[in-house]
Amino acid sequence: MSILNTLVERARKGAKVIVLPEGQDARVVAAANKAVDEKVVTKAIVLGSEAEIAEACAKAGVTERKFECVDYLNSPLYNDFVAEFTEMRKAKGMTPEKAAKTMQSRIYFGAMMCRRGLADGLVAGSIASTADMLRAAFHCIGTAPGMKIASSTFVMDLKTPAPAGDDVLLFADCGVNPNPDANQLVDIALATSNTYRALLGKTPKVAFLSFSTKGSADHEILNKVKEAAAMMQQKIADEKLDILCDGELQADAALVPSVAAAKAPGSPVAGAANVLIFPDLNAGNIGYKLVQRLAHADAYGPVLQGLAKPLNDLSRGCNSDDIFGQIVITVCQTMK
Ligand SMILES: CC(C)(COP(=O)(O)OP(=O)(O)OC[C@H]1O[C@@H](n2cnc3c(N)ncnc32)[C@H](O)[C@@H]1OP(=O)(O)O)[C@@H](O)C(=O)NCCC(=O)NCCS
Ligand SMILES: CC(=O)OP(=O)(O)O
């Protein structure tokens, strides 16, 4: 069974409400209807004016709306949210005037619905940029207790299994932190290991990727990767975590058993990694898109990790099935 089908079955037991702010997008209204049809949500709430949603439905061929529409700009919640947002961000210089402008953003409005418990999770970013989506998430919801940073992962459902046999790999960080330092790489690796275990129920095998394998190359930009791998190994040992980890590893050493035997003999992870941690956002974002577009993997994400509530992003290049997949993952995250 595919990872998505497994997660659909899990989400059906969740009974959750998901808000989809970008109701002006035909892909979003199609995904909202599918989420209701497939019973992965109890309710999908789509934000937008009647005219916007009608146009999106016509474009998507949606004749019967199965979701609830909220005209956020004319909602009785609007003034409430402006007042709450002003209060929440007072120390950061927020004024009622600035808050009124901010709350005209459909993503901020949806994030406030989650904050208030009017929705259990949010999926947006088919039109908005990731940075705009992330700012709304950080400002309205923030990080979960104990989490220093939020990060993201892509669930890569491969068409051809990896050489060690895995159909699903997690790639991180492909969406949030542009240039993580060694400590942040460890935070990203830990969060992604937790996501891997929550979604797949197996031991994470984490590879810190670079252009060097176990000292085969020497350059200052490798240092943070080597430090992160050492710190993560120490943490695993100290806290007796059920995670395997190694680095620095090149992608072939991480994924191909015969290359691993030559380049990293004795590694607990090389040749069979299932969680790939990229050194920065250039590598992560390019890497996931290459595997999605050239190897035709289904790429669900960016799944945000470390937030106090599940708010998830999309690529602007997504289709309605990708949005449906993110809705399913978001519901599963609410069930932790
Ligand atoms: C995440 C991002 C939007 C932060 O933007 P920024 O303009 O640097 O924002 P700031 O540093 O002013 O931070 C804004 C807020 O977000 C918080 N924040 C920033 N990065 C964060 C992180 N990784 N985790 C949690 N909070 C974070 C800051 O603490 C700040 O909070 P505050 O306003 O309450 O003080 C930015 O790093 C970014 O654009 N990342 C890349 C997104 C992207 O384009 N991805 C590629 C496509 S998927
Ligand atoms: C995740 C991502 O790369 O988003 P976008 O394609 O919208 O920039």
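In this text, all values refer to a predicted model and were calculated from it rather than measured experimentally. Per-chain numbering applies: the sequence of each chain, read as written, is numbered from 1 onward. A letter from A marks each chain and a number from 1 marks each ligand, given out in the order of writing. Local features in this predicted model are restricted to residues of pLDDT 70 or higher, and side-chain atom pairs are both shown and tallied only at a pLDDT of 80 or more, whereas totals for entire chains, interfaces and linings draw on every residue. No hydrogens and no water enter the side-chain calculation; it runs on all heavy atoms of the structure.

### Considerations on helix α4 (residues 77-88)
Spanning 12 residues, α4 covers 16 Å between terminal C-alpha atoms, matching the ideal 16 Å at 1.5 Å per step. The classification of residues rests on relative accessible area computed with a 1.4 Å probe and restricted to protein chains. Under 20% of the type maximum is buried, over 50% is exposed, and intermediate values are partly exposed. In DSSP terms, a helix is any run of H or I states spanning at least four residues, a strand is any run of E spanning at least two, and both are numbered starting from the N terminus. All of the buried residues in α4 are Tyr78, Phe81, Val82, Phe85 and Thr86. Buried residues in α4, looked at end-on, bunch into an arc of 135 degrees, giving them a common side. Of the residues in α4, the exposed ones pointing more than 90 degrees away from the buried face are Asn79 and Glu87. Contacts: residue pairs with any heavy atoms within 4.5 Å of one another. Where α4 is buried, its residues touch α5 (96-102), α6 (106-115) and α7 (130-140). The span you would expect from a helix comes to 1.5 Å times its residue count less one. Here the arc refers to the directions that run from the helix axis out to each C-beta atom.

### Section: the sheet that holds strand β10 (residues 298-305)
DSSP calls a pair of strands paired once it identifies at least 2 bridges connecting them. Taken in spatial order, the 6 strands line up as β8-β7-β9-β6-β5-β10 in an open sheet, and their pairing is mixed. With partners counted over all chains shown, the strands left at the sheet margins are β8 (244-249) and β10, one partner each. Neighbouring strand axes in the sheet, compared pairwise and without regard to direction, differ in orientation by 20 degrees on average. Axes here mean lines fitted to C-alpha atoms, for a helix over just the part in contact, with angles spanning 0 to 180 degrees between N-to-C directions. The strands touched by helix α9 (residues 223-239) within the sheet are β7 (205-209) and β8, with β8 carrying the most contacts at an inclination of about 165 degrees. Where helix α12 (residues 281-294) meets the sheet, it contacts β5 (151-157), β6 (168-172) and β10, and its direction lies at approximately 20 degrees from that of β5.

### With respect to the site of ligand 2
A single heavy atom is enough: if one lies within 4 Å of a molecule or strand, its residue is considered near that molecule or strand. As a structural note, the neighbourhood of ligand 2 is formed by Thr130, Phe154, Asn285, Tyr288, Lys289, Pro302, Ser315 and Arg316. Within 3.5 Å is the distance limit for a polar contact, defined as a pair of N or O atoms, with the added protein rule that one can donate a hydrogen and the other accept it, and that residues adjacent in sequence qualify only through two side-chain atoms. Side-chain polar atom of Lys289 to an oxygen atom of ligand 2: 2.8 Å apart, as the coordinates give it. In the environment of ligand 2, an oxygen atom lies 2.7 Å from a nitrogen or oxygen atom belonging to the side chain of Ser315. With residues, only the protein chains shown are counted as cover, and all accessible areas are computed by Shrake-Rupley using a 1.4 Å probe. Notes on ligand 2: free accessible area 260 Å², of which the protein chains cover 87%. Among the elements that make up the shell around ligand 2, the one with the highest residue count is α12 (3 residues). Gly is placed with the polar residues, together with every amino acid not listed as nonpolar (Ala, Val, Leu, Ile, Met, Phe, Trp, Tyr, Cys and Pro) or charged (Asp, Glu, Lys and Arg). Tallied by class, residues from the shell around ligand 2 come to 3 nonpolar, 3 polar and 2 charged.

### As for the site of ligand 1
The immediate surroundings of ligand 1 are formed by 18 residues, with Arg89, Lys92, Ala150, Val176 and Asn177 found nearest. In this structure, an oxygen atom belonging to ligand 1 sits 2.8 Å away from a side-chain N or O atom of Lys92. Top element by residues in the shell around ligand 1 is α7. It accounts for 6 residues. Of the residues contributing to the shell around ligand 1, the split by class is 9 nonpolar, 6 polar and 3 charged.

### Quick notes on the pattern of salt bridges
Between Lys or Arg on one side and Asp or Glu on the other, a salt bridge is scored when a side-chain nitrogen of the former is within 4 Å of a carboxyl oxygen of the latter. For the structure shown, the criterion picks out 18 salt bridges. Among the ionic pairs, Asp132 bridges to Arg135, the shortest N-O distance being 3.4 Å. Taken together, the residues span about one helical turn, with Asp132 and Arg135 both in helix α7 at a distance of 3 residues. The partly exposed category is assigned to Asp132, whose relative accessible area is 42%. The exposure class of Arg135 is partly exposed, given its relative accessible area of 44%. Of the charged contacts in the structure, one is a salt bridge between Asp252 and Lys263, with a shortest N-O distance of 3.0 Å. With Asp252 in helix α10 (residues 251-255) and Lys263 in helix α11 (residues 257-263), this pair connects stretches of sequence that are 11 residues apart. One network of salt bridges, with partners in common, ties together Asp80, Glu84, Arg115 and Arg116.

### With respect to the pairing of β7
Most of β7 sits out of view: 4 of its 5 residues are buried. As for the winding sense of the linkage, the β-α-β connection from β7 through α9 to β8 is right-handed. Of the strand pairs in this sheet, β7 and strand β9 (residues 275-277) are connected by 3 bridges, and their pairing is parallel. Of the residues in β9, the one forming a bridge with Ala207 is Leu276. Consider the strands pointing away from the viewer: the crossover is right-handed when the path from the first strand over the helix to the second runs clockwise.

### Thoughts on the packing of aromatic side chains
Centre distance within 6.5 Å is the pairing criterion for rings of Phe, Tyr and Trp, where only the six-membered ring of Trp is used; planes under 30 degrees apart are then read as stacked, over 60 as edge-to-face, and the remainder as tilted. Following the criterion strictly, the structure yields 5 aromatic pairs and no others. A ring pair is formed by Phe85 and Tyr108, whose centres lie 5.7 Å apart and whose planes are at 80 degrees; its orientation type is edge-to-face. With Phe85 in helix α4 and Tyr108 in helix α6, this residue pair connects regions lying 23 residues apart in the sequence. Of the residues examined, Phe85 reaches a relative accessible area of 1% and is grouped as buried. Residue Tyr108 is classed as buried on the basis of its relative accessible area of 11%. By way of ring pairs, the aromatic residues Tyr72, Phe81 and Phe109 are connected into one cluster. Looking at Lys34, its charged tip hangs above the ring of Phe324, at a distance of 4.6 Å from the centre. Consider the ring centre and the ring normal. A charge sits over the ring if Lys NZ or Arg CZ is within 6 Å of that centre and within 35 degrees of that normal.

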